[in-house]
Amino acid sequence: MTASGVRVRIAPSPTGEPHVGTAYIALFNYLFAKKHGGEFILRIEDTDATRSTPEFETKVLDALRWCGLEWKEGPDIGGPYGPYRQSDRKDMYQPYAQELLDKGHAFRCFCTPERLEQMREGQRAAGKPPKYDGLCLTLKAEEVTSRMADGETTVIRMKIPTEGSCDFTDGVYGDVSIPWDSVDMQVLIKADGMPTYHMANVIDDHLMKITHVARGEEWLASVPKHILLYRYFGWDQPVFMHLSLMRNADKSKLSKRKNPTSISYYSALGYIPEALMNFLGLFFIQISEGEELLTMEELSEKFDPENLSKAGAIFDIQKLDWLNGRWIREKLSEEDFRDRVLNWAMENDRLMAGLRLSQTRISKLGELPDLAGFLLKSDLGLQPSDFAKIKSPPEEILEILNTVQPDLEKILEWNVETIEAELRAIADRMGKKLKVVVAPLFVAVSGSSRSLPLFDSMAILGRSVVRQRLKLASQAVAALVGSK
Ligand code: GLU
């Protein structure tokens with residue numbers, strides 16, 4: 001334990017590509033720990049077994065490491081309060097659930113998914129927010145025992161006060177009051193024995209001695225459930241700080257449909273981590289114009305959690321570009337720059353895999369930039385006319401591009417085989433030859449109709465870059481359709 005005793009954490013769920021929003025929250029926690037001489041730890045919250053994958057976990061760790069946010073304890077390095085992956089802690093939660101049952105703070109619920117759906121349906125029809133109606137709250141102990149003995153499926157839910165409100169002070173939002181009757185009787189332990197996020201999160205924060213919980217504002221409404229659990233267990237609650245979400249320039253929630261949101265997209269395009277951290281860190285400090293270029297050290301000195309705004313952090317890519325350029329020009333020595341470029345080109349085996357694919361396709365080395373340069377480019381500069389050469393009419397191209405985009409999101413593990421299988425399935429479903437489906441993709445992904453094999457190229461580029469290129473391609477083709 002450090003002198004200050006401050007312990008903060010980032011607790012990502014490995015259910016998708018690491019998001020810049022995760023880096024933003026992680027950076028806040030990291031700077032908070034640095035400022036207070038405390039500790040910053042990493043915990044993997046993978047209680048949602050249907051959506052969490054080891055591949056995404058590796059990616060989260062890699063992405064946060066790339067950001068330069070070093071953690072003191074975590075699933076990769078261990079620590080005194082491990083394990084740091086919730087699925088590895090599964091058995092630790094049961095006794096706490098039992099304690100809540102014994103103390104009468106929780107109850108077993110036997111309601112089937114069908115009944116719950118019916119109940120919600122009725123609530124929706126009556127214009128009420130969906131909430132458990134408490135049917136199992138009054139079951140007699142003997143009935144619970146006998147239904148369990150019969151092997152009926154059961155979950156454990158927490159009891160919620162029926163009157164008054166939960167009042168607390170949030171580090172960003174100030175005094176908050178949420179009426180108890182708007183709080184659901186949250187499931188704590190699911191039918192498969194796994195805890196829910198709320199249960200595991202509170203127990204782990206307590207056992208891991210977390211003093212300050214800084215996370216996205218989407219969790220603010222969950223605080224009453226968490227505070228109640230701390231009370232039920234008789235534990236001190238941490239200080240809560242809910243940070244406003246990052247937003248697009250039009251103030252909408254940052255989403256990958258509008259802006260690239262994956263950390264891997266920014267690293268693939270050659271943003272340097274210091275610049276990205278500098279950009280995100282500016283949301284947490286007050287500075288005058290001209291003082292923007294800051295190292296992590298300088299950010300932590302200026303860091304001021306008291307000064308956070310609720311307005312939302314605007315993800316202004318032009319500002320990021322400007323800062324990235326300044327970092328490259330003003331902060332990197334010649335050697336450092338050279339090393340960064342080489343490392344960047346080698347990232348994800350991009351250069352090596354590109355060369356392997358190119359060798360059989362060139363007669364002079366000088367043809368390489370034209371053939372494989374798209375693997376490194378940040379912008380292909382696609383024009384509507386690039387698609388005019390494809391045999392299919394623009395309407396068909398647009399249909400293909402718009403069908404492929406959401407379907408590629410469904411691929412769990414992004415590799416040559418899964419990409420090929422998905423594109424074949426799409427072609428089948430659309431009743432088109434594979435050749436017809438891949439032709440516009442070639443142009444969208446590589447900028448040319450003659451280049452390296454498509455599936456390999458997509459695998460090398462990574463999902464986040466492919467997503468963005470397909471989006472830009474759709475826009476270009478839409479212009480073609482519109483101009484007809
Ligand atoms: N696993 C949650 C998330 O990914 C963590 C929220 C929290 O920090 O409590 O958003």
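Here, the structure is the one placed above.
In this report, we go over the structure that sits alongside the text.

Re the site of the ligand
- The local shell around the ligand consists of Arg9, Ala11, Pro12, Ser13, Glu45, Tyr197, Asn201, Arg215 and Trp219.
- Glutamate 45 is positioned such that a nitrogen or oxygen atom in its side chain is 2.6 Å from a nitrogen atom of the ligand.
- Interatomic distance of 2.8 Å between a side-chain N/O atom of tyrosine 197 and an oxygen atom of the ligand.
- Across the complex, the protein chains shield 83% of the 300 Å² of accessible surface that the ligand would expose by itself.
- Here the residues of the shell around the ligand sort into four nonpolar, two polar and three charged.

Re a nonpolar patch on the surface
- On the surface, a cluster of nonpolar side chains totalling about 310 Å² of accessible area is made up of Met346, Leu351, Met352 and Leu355.
- The element contributing the most residues to the nonpolar patch is helix 13 (residues 350-358), with three residues.
- Along the chain, the position of leucine 355 falls in helix 13.

Thoughts on the side chain of histidine 198
- In this fold, histidine 198 is placed in helix 6 (residues 197-207).
- Within the structure, the side chain of histidine 198 is placed 3.5 Å from the side chain of glutamine 186, a separation counted as a polar contact.
- In this structure, histidine 198 is in contact with Gln186, Ser222, Lys225, His226 and Leu229, ignoring residues within four places of it in sequence.

Considering the side chain of serine 457
- Position of serine 457 among the secondary structure elements: in helix 19 (residues 454-461).
- A residue is classified by how much of its surface remains accessible, and serine 457, at 2% relative accessible area, is buried.
- Contact partners of serine 457, with chain neighbours within four places excluded, come to Phe374, Leu375, Val445 and Leu452.

Rules and cut-offs
Residues numbered from 1 in each chain as written. Predicted model: local features only at pLDDT ≥ 70, side-chain atom pairs only at ≥ 80, totals over all residues. Heavy atoms only, no water. Near = heavy atom within 4 Å. Polar contact = N/O pair within 3.5 Å; in protein donor to acceptor, adjacent residues only side chain to side chain. Areas by Shrake-Rupley, 256 points an atom, 1.4 Å probe, with all protein chains shown as cover. Nonpolar A, V, L, I, M, F, W, Y, C, P; charged D, E, K, R; others polar. Patch = residues over 30% accessible without salt bridge, like charges linked within 9 Å, V, L, I, M, F, W, Y side chains within 5 Å. Salt bridge = Lys/Arg side-chain N within 4 Å of Asp/Glu carboxyl O. Helix = DSSP H or I, 4+ residues; strand = E, 2+ residues; numbered from the N terminus. Contact = heavy atoms within 4.5 Å. Buried < 20%, exposed > 50% of the residue type's maximum accessible area, 1.4 Å probe, protein only.

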